[in-house]
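Close look at the chain arrangement
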Amino acid sequence: MSVVIVGGNECMARRYVEICREYRCKAKVFPKSDAALKSIGDPDLLVLFTGTVSHKMVRSTLRETRGKAVKIVRCHTSSASALRNILQTHT
């Protein structure tokens, strides 16, 4: 399963990838607005940490995934336990 995480803390990006590996998922993390956001690809799950991301970035992310079969999960907190709960529910 492939997971794209948008938002969150920059210092936690490596930890997010490690947590996804525990659930046998491949992860891409975009903690801040980036031109690479255009290369989201075709993930199975999109996690939006809304507490640490701008409205503009949320809109551009949703625009990139429009028309694709992607599960989108919005979470206000960007903690490791929040990500674990999301992955436990959706994997």
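Everything that follows concerns the structure shown earlier in this document.
Residues numbered from 1 in each chain as written. Predicted model: local features only at pLDDT ≥ 70, side-chain atom pairs only at ≥ 80, totals over all residues. Heavy atoms only, no water.

**A closer look at the environment of Leu 46**
Along the chain, Leu 46 falls in strand E3 (residues 45–49). The exposure class of Leu 46 is buried, given its relative accessible area of 0%. Sequence spacing of Leu 46 and Val 73 is 27 residues, and the spatial spacing of their C-alpha atoms is 6.2 Å. (Helix = DSSP H or I, 4+ residues; strand = E, 2+ residues; numbered from the N terminus. Buried < 20%, exposed > 50% of the residue type's maximum accessible area, 1.4 Å probe, protein only.)

**As for the packing of aromatic side chains**
According to the stated counting rule, one finds one aromatic pair in the structure shown. With a centroid separation of 5.4 Å and 40 degrees between ring planes, the pair formed by Tyr 16 and Phe 49 is classed as tilted. Here Tyr 16 is found in helix H1 (residues 13–22), whereas its partner Phe 49 is found in strand E3, with 33 residues between them in sequence. Taken individually, Tyr 16 and Phe 49 each receive the classification buried, so the pair is uniform in this respect. (Phe/Tyr/Trp six-rings, centres within 6.5 Å; stacked < 30°, edge-to-face > 60°.)

**Some points on the pattern of salt bridges**
Charged atoms that come close allow side chains of opposite charge to pair. Throughout the structure, instances matching the rule amount to three salt bridges. Put simply, Arg 84 and Glu 22 hold a salt bridge, and the shortest N to O gap is 3.8 Å. Taken as a pair, Arg 84 in helix H3 (residues 80–90) and Glu 22 in helix H1 lie far apart in primary sequence, 62 residues in all. Residue Glu 22 is classed as partly exposed on the basis of its relative accessible area, which comes to 48%. Residues joined by salt bridges that share partners form a network here, namely Arg 14, Arg 15 and Glu 18. (Salt bridge = Lys/Arg side-chain N within 4 Å of Asp/Glu carboxyl O.)

**Let's talk about the pairing of strand E2 (residues 26–30)**
Bridge count between strand E1 (residues 2–7) and E2: five bridges; the pairing is parallel. By the bridge assignment for E2, Val 4 is matched with Lys 28. Regarding the hand of the β-α-β motif, the stretch spanning E1, H1 and E2 is right-handed. (Pairing = 2+ DSSP bridges. Right-handed = clockwise from strand over helix to strand, strands pointing away.)

**Remarks on a positive patch on the surface**
Taken together, the side chains of Lys 56, Arg 59, Arg 63 and Arg 66 present a region of like positive charge at the surface. Within the secondary structure layout, Arg 63 lies in helix H2 (residues 55–65). Under the relative-accessibility criterion, Arg 63 is labelled partly exposed at 48%. (Patch = residues over 30% accessible without salt bridge, like charges linked within 9 Å, V, L, I, M, F, W, Y side chains within 5 Å. Areas by Shrake-Rupley, 256 points an atom, 1.4 Å probe, with all protein chains shown as cover. Lys, Arg positive; Asp, Glu negative; His and termini not counted. Charge placed at Lys NZ, Arg CZ, Asp CG, Glu CD.)

**What to know about H2**
Here H2 has its buried residues at Met 57, Val 58, Ser 60, Thr 61 and Thr 65. Elements in contact with the buried residues of H2: E1, E2, E3 and strand E4 (71–75). Within two residues after H2, Gly 67 carries a phi angle of roughly 85 degrees, on the positive side. (Contact = heavy atoms within 4.5 Å.)

**What about the nonpolar core?**
For soluble globular proteins, nonpolar side chains are generally found buried alongside one another. Judged by nonpolar contacts, the single largest core of 16 residues is most densely connected at Val 3, Ile 5, Leu 83 and Leu 87. Going through the elements one at a time, E1, H1, E3, E4 and H3 are the ones with two or more residues in this core. Top element by residues in this core is H3. It accounts for five residues. Listed in part, the ten residues of the second largest apolar core include Ile 40, Leu 48, Met 57 and Val 70. (Core = buried A, V, L, I, M, F, W, Y, C linked by side-chain atoms within 4.5 Å.)

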